[in-house]
Amino acid sequence: MTHFREPSTRIRNITELARIAGVSPGTVSRALAGKALVSRETRERIQRIADEHGFRPNQMASRLRSQKTGVIGVVVPLGHERRQHLSDPFFTAMLGQLAEQVTERDYDLMLSRVIPDADDWLERIVDSGMLDGVLLIGQSTEYDAIERVAGWYRPLVAWGSTMPGQVHCAVGVDNRLGGQLAGERLIARGCRRLAFLGEVRTTELAERFRGLSDAAAAAGLEAPVQFDTHLASDIMAGEIAAHLDAAVERIDGIAAASDMIAMNAMRALADRGLRVPDDMPVTGFDDLPLAEQIVPRLTTVRQDIAAGAAAMVDALLKRIGGQEAAGVVMIPELVVRDTA
C-alpha cells in the first residue's frame with residue numbers, strides 16, 4: 001500500500017516560502033517562474049520546499065502582474081434570434097471545436113450568450129479586464145457593433161462573413177457561393193420554383209439567399225421565394241408548417257438556411273404525405289453530424305467547422321501577441337446525399 005505524506009505545515013504565500021528558504025520573495029517568484037536569473041540549484045531547492053509544504057503559486061496574482069488573464073471569451077451574440085439556445089447542434093459543434101483549440105493552447109475559456117439590448121454590449125465585454133481576447137460565434141445583426149469595436153480592440157475574431165472593406169477579422173465559409181451550390185443542385189434535379197427557408201436579417205443567411213438567387217438567375221428562373229424561418233427550435237417547426245400550408249403548391253425545391261431547418265422541413269413534408277426527394281428535393285447548410293444520420297440522408301453545403309475553429313484561434317492568438325492576422329474565407333463544399 002502506498003502512503004501519502006501530508007505536508008506538516010502548509011505554506012500560504014510566497015513570503016512564508018521565502019522565509020523558510022532563506023531568500024527574498026522576489027527570488028522565490030523568479031524561481032517558481034523558472035527564470036534563469038536564479039541558479040538551477042536554488043530553483044530546485046525552492047521548488048522542493050514548495051512541494052514539501054503543499055504550496056501552489058497564486059495563478060491569478062501572477063496573471064495580474066503580467067497583465068494577462070489566460071482567459072479567452074467565446075461570445076454568442078443573439079440579436080437576430082433571442083430564443084435560440086446554446087444546445088442548438090451548430091453551437092455545440094462549434095463550441096466543442098473552439099474549446100479544444102483554446103485549451104490545447106493553455107488558455108481557459110469563458111462562455112457568454114449575449115442578447116444585445118444596448119449599443120455598447122461588446123464594449124462592456126472587451127473592457128471587462130477579464131479576457132485576453134474574444135471569439136464571436138456569428139455576426140448576428142451586430143455587424144456594425146463588431147466593426148466599431150474592432151477599430152480599436154485588436155484581439156477579436158468572429159465566425160462569419162468577410163465583406164468588402166471590413167475592419168474586423170472574420171473566419172467563415174463563402175456563404176454566397178454555398179447558396180449558389182445548393183441552388184445549382186436543386187436546378188439540376190429539375191426544380192424550377194425554388195424556396196428559401198430562413199430569415200435574411202443576418203449577413204451570413206442573407207448571403208446564402210443571394211447565392212440561391214444567383215443560381216436561379218443564371219438558369220433563367222424566377223427569383224426564389226423567401227420565407228422567414230427562425231433558428232429557434234421552439235418556433236421553427238410551426239413556421240415551416242405554416243409556410244408549406246400556404247405555398248407548397250407553388251414551389252418544387254427547398255434550400256434551407258441550415259441543416260436544422262432542412263430536417264424540420266423534411267418532417268413537415270412527410271406529415272403532408274410528400275416524399276423527399278421525389279416530390280420535393282431539399283438541401284441544408286452546415287453538414288452537421290446529424291445530416292448523415294437521418295433518413296433520408298441530407299444533401300447539404302458543408303462548412304468545415306473544425307478547420308474554421310482552428311483558424312479562428314490561430315488568428316486570435318496572433319492578434320493577442322501583437323501580430324497581424326487576416327480573415328479567412330473558406331470554400332464551401334456541396335455534399336450530395338439522398339434528399340437532393
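About the cut-offs
- Residues numbered from 1 in each chain as written.
- Predicted model: local features only at pLDDT ≥ 70, side-chain atom pairs only at ≥ 80, totals over all residues.
- Heavy atoms only, no water.
- Salt bridge = Lys/Arg side-chain N within 4 Å of Asp/Glu carboxyl O.
- Helix = DSSP H or I, 4+ residues; strand = E, 2+ residues; numbered from the N terminus.
- Buried < 20%, exposed > 50% of the residue type's maximum accessible area, 1.4 Å probe, protein only.
- Domains from an automatic or database assignment.
- Pairing = 2+ DSSP bridges.
- Axes fitted to C-alpha atoms, helices over the stretch in contact; angles between N-to-C directions.
- Contact = heavy atoms within 4.5 Å.

Labelled according to an unreviewed UniProt entry, the protein chain appears under the name DNA-binding LacI/PurR family transcriptional regulator, originating from Sphingomonas jinjuensis.

Trainee: For this particular structure, what's the right way to read the pattern of salt bridges?
Mentor: Two side chains that carry opposite charge are able to pair once their charged atoms sit near each other. What the rule picks out here adds up to 17 salt bridges. The salt bridge partner of aspartate 252 is arginine 193, with a shortest N-O separation of 3.8 Å. Here aspartate 252 is found in the loop between helix H10 (233-247) and strand E8 (253-256), whereas its partner arginine 193 is found in the loop between helix H8 (175-188) and strand E6 (194-197), with 59 residues between them in sequence. Accessibility expressed as a relative area gives 15% for aspartate 252, which makes it buried. Through salt bridges with shared partners, one network takes in Asp287, Arg302, Asp304 and Arg337.

Trainee: For this particular structure, what's the right way to read the domain arrangement of the protein chain?
Mentor: Bring the parts together and some accessible area is lost; that lost area is often taken as the interface size. Domain parsing of the protein chain yields domain 1 (14-66), domain 2 (71-173 + 305-332) and domain 3 (175-302). Computed over C-alpha atoms, the centres of domain 1 and domain 2 are 37 Å apart.

Trainee: I tried to follow the sheet that holds strand E12 (residues 333-335) on my own but got confused; where do I start?
Mentor: Working definition: the strands of a sheet are paired by backbone hydrogen bonds and lie parallel or antiparallel to each other. An order of E7-E6-E8-E9-E10-E12 is seen for the 6 strands of this open sheet, with the pairing classed as mixed. Lying at the two open borders of the sheet, with one neighbouring strand each, are strand E7 (225-227) and E12. Adjacent strand axes in the sheet meet at a mean angle of 20 degrees when their direction is disregarded. Here strand E10 (residues 299-302) runs beside E12; their pairing, made up of 3 bridges, is antiparallel. By the bridge assignment for E12, threonine 300 is matched with valine 335. Strand contacts of H8: E6, E8, strand E9 (282-286), E10 and E12, with the helix running at about 160 degrees to E9, the strand carrying the most contacts. Contacting E6, E8, E9 and E10, helix H11 (residues 259-271) runs over the sheet at an angle of about 155 degrees to E9.

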